[in-house]
Amino acid sequence: TLEDGKTKPCNIIQIGMKKYAIIISEGKKRQLRRMFQHFGKKVAHLKRIRIKDLKLGNLKTGEWRHLTLKEIDGLKGR
């Protein structure tokens, strides 16, 4: 529970000494940073790798590509 209410459950997997993979199903304002702060931890770096079925893939910082119609439909929930 954060100051603006409860969050949906998330999955946290430790993948290194100070590295975690976190899966959330909602994205409240600065949610992950506030969750970690609650446990006395500071988030140094966040990297979003997926939204629904749309994956970042090999895109580097500043790169972009057009979405396919299938990807657009998936984001719209069709």
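Just so you know, these numbers come straight off a predicted model, no measurement behind them. (Residues numbered from 1 in each chain as written. Predicted model: local features only at pLDDT ≥ 70, side-chain atom pairs only at ≥ 80, totals over all residues. Heavy atoms only, no water.)

**Here we look at helix H1 (residues 31-38)**
This is how it is decided: Here the term buried applies to any residue with accessible area under 20% of the maximum for its type, exposed to any over 50%, and partly exposed to those in between, with areas from a 1.4 Å probe on protein chains only. Under the DSSP-based scheme used, a helix requires at least four consecutive residues in state H or I and a strand at least two consecutive residues in state E, with every element numbered from the N terminus.
Listing the buried residues of H1 in full gives Gln31, Leu32, Arg34, Met35 and Phe36. Of the residues flanking the end of H1, it is Gly40, one or two places downstream, whose phi is positive at about 75°.

**Looking at a nonpolar patch on the surface**
Note the cut-off: Distance thresholds for patches are 9 Å for like charges and 5 Å for nonpolar side chains (Val, Leu, Ile, Met, Phe, Trp, Tyr), applied to residues having over 30% relative accessible area and no salt bridge. Accessible surface area values rest on a Shrake-Rupley calculation with a 1.4 Å probe, where residue burial reflects the displayed protein chains alone. Each salt bridge in this description consists of a side-chain nitrogen of Lys or Arg and a carboxyl oxygen of Asp or Glu lying within 4 Å of one another.
Together, Ile51, Leu67 and Leu75 make up an exposed nonpolar region whose accessible area comes to about 210 Å². If you trace the backbone, Ile51 turns up in strand E3 (residues 50-51).

**Side note on the side chain of Arg34**
What counts, and what does not: Polar contact is the term for a pair of N or O atoms within 3.5 Å; when the atoms are in protein, one must be able to donate a hydrogen and the other to accept it, and sequence-neighboring residues count only if both atoms are side-chain atoms. Should any heavy atoms of two residues lie within 4.5 Å, those residues are considered in contact.
Inspection of the secondary structure puts Arg34 in helix H1. A polar side-chain atom of Arg34 sits 3.1 Å from a polar atom in the side chain of Asp4. When neighbours within four sequence positions are excluded, Arg34 is seen to be in contact with Leu2, Glu3, Asp4, Lys28 and Lys29.

**Observations concerning unusual backbone geometry**
The phi dihedral of Arg30 falls on the positive side, at around 55°, and the residue is not glycine. Here Arg30 shows up in the loop between strand E2 (19-23) and H1. The exposure class assigned to Arg30 is exposed, which follows from its relative accessible area of 54%.

**A closer look at the confidence of the model for the protein**
Under the convention used in this document: Scored from 0 to 100, pLDDT reflects the predictor's confidence in each residue.
In this model, the protein carries an average pLDDT of 88, and 100% of its residues clear a pLDDT of 70 or more. Considering each helix and strand of the protein separately, the mean pLDDT is smallest for E3, with a value of 86, and largest for strand E1 (residues 11-16), with 92.

**Side note on the pairing of E2**
Each regular strand displays side chains that alternate between the two surfaces of the sheet. The criterion, for reference: By definition, two strands form a pair when at least two bridges between them are found by DSSP.
In this structure, E1 lies alongside E2, joined through 5 bridges in antiparallel fashion. Bridged to Ile12 within E2 is Ile22. Turn length for the E1-E2 hairpin, with the two strands adjacent in sequence and antiparallel, is 2 residues.

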